[in-house]
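Here's the letter readout for the chains.
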Amino acid sequence: MMTDIMSQNVNEYLEILQKAKLNSDIEVSHYATTSIMEIQREFEINLQKTERRYNEHPEDEKNFDRYISAIKDYIESGLIFDKILSIYQKRYVEMLEIKIQKSPDSRVSFMNAIDCYLDMGEYENARRLIDRAIVKWNNNEGPWLRKIRLCQLTNEGYVLAHTINEIKRRRIYLTGEGKAALAFWDNTQTKGVEIYND
């Protein structure tokens, strides 16, 4: 049963179980807690398997990608926190940096590494990869939206305004999410809302 769940939308299922844990019905709460523990065990087993395969054949790109994907899935599961989460985040970006060295045109690896660095609060590492990504994919929204997020997290109002102007000047194609993000921050700048300390 758990293997079937793992192949489906596990995060959605976990969200339901987390709520069920707080249920006043003891049986429901117990079932939810047991199920969460079993799902976490499945994540850990999968991670161990993919890591072992990677260590046995580090040159195999599929094994490498599966290992990276397994770490990402575990991080995004919501099952790990604090120090344990930090350990896996560090391992994740280490592997992504290796992936970027091996495949410098892997935009997904760049974006995932930037996102993880931002989540970890390692803003200089995020900035380093954002700058490289903008040079490589200057007409793609991905690096630019992450630069906006970096400005938000580091309170760089001037850089934010400049970034918004660059996106407009270059007429970068934006998805719905990108348009919403740009409109929000552009509106904030236009109204002169003092969110940032320049």
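Cut-offs used in this document
Residues numbered from 1 in each chain as written. Predicted model: local features only at pLDDT ≥ 70, side-chain atom pairs only at ≥ 80, totals over all residues. Heavy atoms only, no water. Phe/Tyr/Trp six-rings, centres within 6.5 Å; stacked < 30°, edge-to-face > 60°. Lys NZ or Arg CZ within 6 Å of the ring centre and 35° of its normal. Helix = DSSP H or I, 4+ residues; strand = E, 2+ residues; numbered from the N terminus. Buried < 20%, exposed > 50% of the residue type's maximum accessible area, 1.4 Å probe, protein only. Polar contact = N/O pair within 3.5 Å; in protein donor to acceptor, adjacent residues only side chain to side chain. Contact = heavy atoms within 4.5 Å. 1 Å grid on protein atoms, 1.4 Å probe; cavity = no way out; pocket = protein on both sides within 12 Å on 5 of 7 lines; lining within 4 Å. Points joined across faces, edges and corners; volume = space filled by probe spheres on them. Nonpolar A, V, L, I, M, F, W, Y, C, P; charged D, E, K, R; others polar.

Right, let's talk about the packing of aromatic side chains for a bit. Counted under the stated rule, the structure contains six aromatic pairs. Connected via pairs of aromatic rings, a cluster forms that spans F43, Y74 and Y88. When the ring centre of F64 is taken as reference, the NZ or CZ atom of K102 above it lies at 4.6 Å. For the cation-ring pair, K136 lies above W137, with the distance from its terminal atom to the ring centre recorded as 5.5 Å.

Note that E166 resides in helix α9 (residues 157–170). In this structure E166 comes out as buried when scored by relative accessible area, which is 12%. Polar side-chain contacts of E166 include one of 2.9 Å to the side chain of R170.

On to the environment of R170. The topology assignment puts R170 in helix α9. Not counting chain neighbours up to four residues away, the residues in contact with R170 comprise N138, N139 and W144.

What follows is about the layout of surface pockets. To find the voids left in a structure, one rolls a probe of water-molecule size over its atoms. Taken as a whole, the second largest pocket encloses approximately 220 Å³ of empty space. Residue lining of the second largest pocket: K72, I75, E76, L85, Q89, Y92, N112, D115, C116 and D119, and that is the complete set. Breaking the lining of the second largest pocket down by element, the ones donating at least two residues are α4 (61–76), α5 (82–102) and α6 (107–120). In terms of residue count, α6 provides more of the lining of the second largest pocket than any other element does, four residues in total. Each residue belonging to the lining of the second largest pocket can be placed in one class, and the counts come to four nonpolar, two polar and four charged.

These figures capture arrangement, not role.
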